[in-house]
Amino acid sequence: MKCENIPSKVSNKKKYLKHIHFFRGFAIINIAFVHLAFIRDKSILGIHHSDYVAFMEVIFHGATIYFLFISGFLFHYLSDGFNMKKYYYSKIKFVFIPYVIISSLVVIVNHFYDIENLGYVDFFKTWLISIVFGTAQIQYWYIPFIMLVYLVSPYILLIPNKVFKYLAPLIFILPLLGTRTGAQVSVWQFLYFGPVYLLGIYTSMDYNKVLEVINKLKYLFVVVAIVSTLFLILQYKLNVIDRYGIFSIQEGLFYIQKISITVLVLLAFRNFENSRLYLFDELAKLSFGIYFTHLFINYFFYNFKIYLVEFLISENYSPLIIPVVLLYATMLLFINVWILKLSKKILGQKSRMILGV
C-alpha cells in the first residue's frame, strides 16, 4: 500500500535537517542519564536524598518525550512516496529484532541457573512476557509501546491534513492529565505519550511556519520551562502528594517542562544547521544502540558509583555529589559509545540488526 495521494505541506521535504539529528543526540543523553546518574537507595544518600532525587528527576525524568517528538516529526517529514511494506519491514528489522535478541539474552542470563527449577514452559512464559511488555530491562517498555505506534502510524497519513490540523491540538492537552504509568505499557501510557508523537507530526506539517511562531514566543517558552521546573522541584522537596488515581499533577508538569525544552533546544540547534556538532552527531547515530545497551554498562560500574557517593559523604564533600555523579555518567556514556563502535566493526553489516546501530 502506498500513500502517494497524500499532499505535502512542507516545501523542503527532502532536505536533511541537521538540527533534528542533533536533537536526537541531546535526547539520548537525557534518556541514558536517567539510569546512569541515578541512585534510588535512600540509605546510601541519607539526608542528601531529597536534594539528589529532586535534581536528577526534574532534569532527566520524562526525556522519552524528546524521542517521541522526533519520531513523530521524522515519520511525517519523510513520508513522501510512503511505502507501507518497506516501512513495516524496516521497523521490524532494525527496531524489533534487535530488541528481541537483546531481551532474550537478558532473560537467559537472569534465569540461566533457574531454568531447571522454573521448567521450560515457565521459562518460555517469562521470556514471552518480557518481549510483549518490555520487562527485560526497565527502559525496554518503550519498544512494544513504539511498535504499536509504528503499526498505526501509516493510517494517520490517510487523515486529510486540514482535519488533522483541526483535531490534533485537542489531543495535545491529554498529557496534562499525567496518566503515565511508569515503565508499564498500558492504555494510560498511550494517552500520555501518544499526543507527543502526534505533536511531532503536526509540527512537521508546516515546520517553517511553526518555527516562526515559536521563535516569536521563545521567551514565553523560557518562562514556562523555568516555572514548571521550579514547581517540580518544590513538589519533590515538599513531598507533595500529586497522584489521584491514574492522574498525576507531576507528570502533567513534566509534559509542560519537556515540551518547552524541546522547543528551545530545537531553536538553539537550528543555529548550527550548517555546522557539525561532533558530540551530538555521534550520539545521534548511536542513539538506538545506546538505548539498548547503556544499562549493561551501568551494572558493571554501579558499585563504583556507590563508592564515589559514600566517599564524598564520609569526607564531607556532599555538595559535590551531583557534579561527580554527572561526570561519572558522562564517563559511562563514552565507554558505551566506544563499545558500540567496536561492536559495529566486529559485527559489520549485522550490527544494526543485532544492536540497533
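For the rest of this paragraph, the subject is the overall build of the protein chain. Assigned secondary structure in the protein chain consists of 17 helices and 2 strands. Relative to the compact-globule value of 21 Å for 357 residues, the protein chain shows a C-alpha radius of gyration of 21 Å, a close match. Every one of the 357 residues in the protein chain was classed for burial, and the buried ones make up 49%. Considering only contacts in the protein chain between residues 6 or more positions apart, those separated by 24 or more positions represent 82%. In the structure as shown, the protein chain presents an accessible area of about 18,400 Å², 68% of it carried by carbon and sulfur atoms. Of the side-chain charges in the protein chain, 32 are positive and 17 negative, and the distance between the mean point of each set is 13 Å.

Another point: helix 10 (residues 187–205). For helix 10, which comprises 19 residues, the first-to-last C-alpha distance of 27 Å matches the rise-based estimate of 27 Å (1.5 Å per residue) to within 8%. Where helix 10 bends most, the angle comes to about 35 degrees, and this point is Phe193, followed within four residues by the proline Pro195.

Now for the confidence of the model for the protein chain. Scored by pLDDT, the protein chain comes out at a mean of 90, with 95% of its residues at no less than 70. Across residues 1–13, confidence stays below pLDDT 50; counting only partners more than four residues off in sequence or on other chains, it has 34 contacts.

Before going further, it helps to spend a moment on unusual backbone geometry. Not every positive phi belongs to a glycine, and Asn316 is a case in point at roughly 60 degrees. For Asn316, the position within the fold is in the loop between helix 15 (287–314) and helix 16 (321–347). Residue classification places Asn316 among the exposed positions, given a relative accessible area of 66%.

Glancing now at the side chain of Gln235. One can find Gln235 in helix 12 (residues 218–238). With relative accessibility at 10%, the residue Gln235 sits in the buried group. What Gln235 contacts, discounting residues up to four positions off in sequence, is Val240, Asp242, Ile249, Gln250 and Leu253.

Residue position: Leu217 is located in the loop between helix 11 (207–216) and helix 12. C-alpha separation for the pair Leu217 and Gly245, spaced 28 residues apart in sequence, amounts to 35 Å.

Right, let's get into the environment of Tyr142. Relative to the helices and strands, Tyr142 resides in helix 8 (residues 142–156). Residue class for Tyr142 comes out buried when judged on its relative accessible area of 2%. For Tyr142, the residues in contact, after removing those within four places along its chain, are Thr64, Phe67, Leu68, Ser71 and Tyr291.

The rules we used
- The written sequence of each chain sets the order in which its residues are numbered from 1.
- For a predicted model such as this one, the threshold for reporting local features is a pLDDT of at least 70, and the threshold for listing and counting side-chain atom pairs is 80 or more; totals across whole chains, interfaces and linings nevertheless cover every residue.
- Heavy atoms throughout the structure, all of them, feed into the side-chain values; hydrogens and water do not.
- For the purposes of this entry, the term helix denotes a DSSP run of H or I that reaches at least four residues, the term strand denotes a run of E that reaches at least two, and both are numbered from the N terminus.
- As a reference, a globule follows 2.2 Å times the number of residues to the power 0.38, and the radius of gyration itself is taken over C-alpha atoms.
- Only protein chains enter the accessibility calculation, which uses a 1.4 Å probe; a residue whose area is less than 20% of its type maximum is buried, one above 50% is exposed, and one in between is partly exposed.
- Note on contacts: a residue pair is in contact if any heavy atoms of the two residues lie within 4.5 Å.
- Surface accessibility follows the Shrake-Rupley procedure with a 1.4 Å probe radius. Residue values consider only the protein chains on display as shielding.
- By the counting rule applied here, Lys and Arg register as positive and Asp and Glu as negative, while His and the ends of each chain are not counted.
- Charged side chains are reduced to one point each, which is NZ for Lys, CZ for Arg, CG for Asp and CD for Glu.
- Expected helix span is taken as 1.5 Å per residue step, with the number of steps being one fewer than the number of residues.
- Fitting axes to the seven residues ending at a residue and to the seven starting there, one defines the bend at that residue as the angle between these axes.
- Residue-level confidence of the predictor, termed pLDDT, takes values from 0 up to 100.

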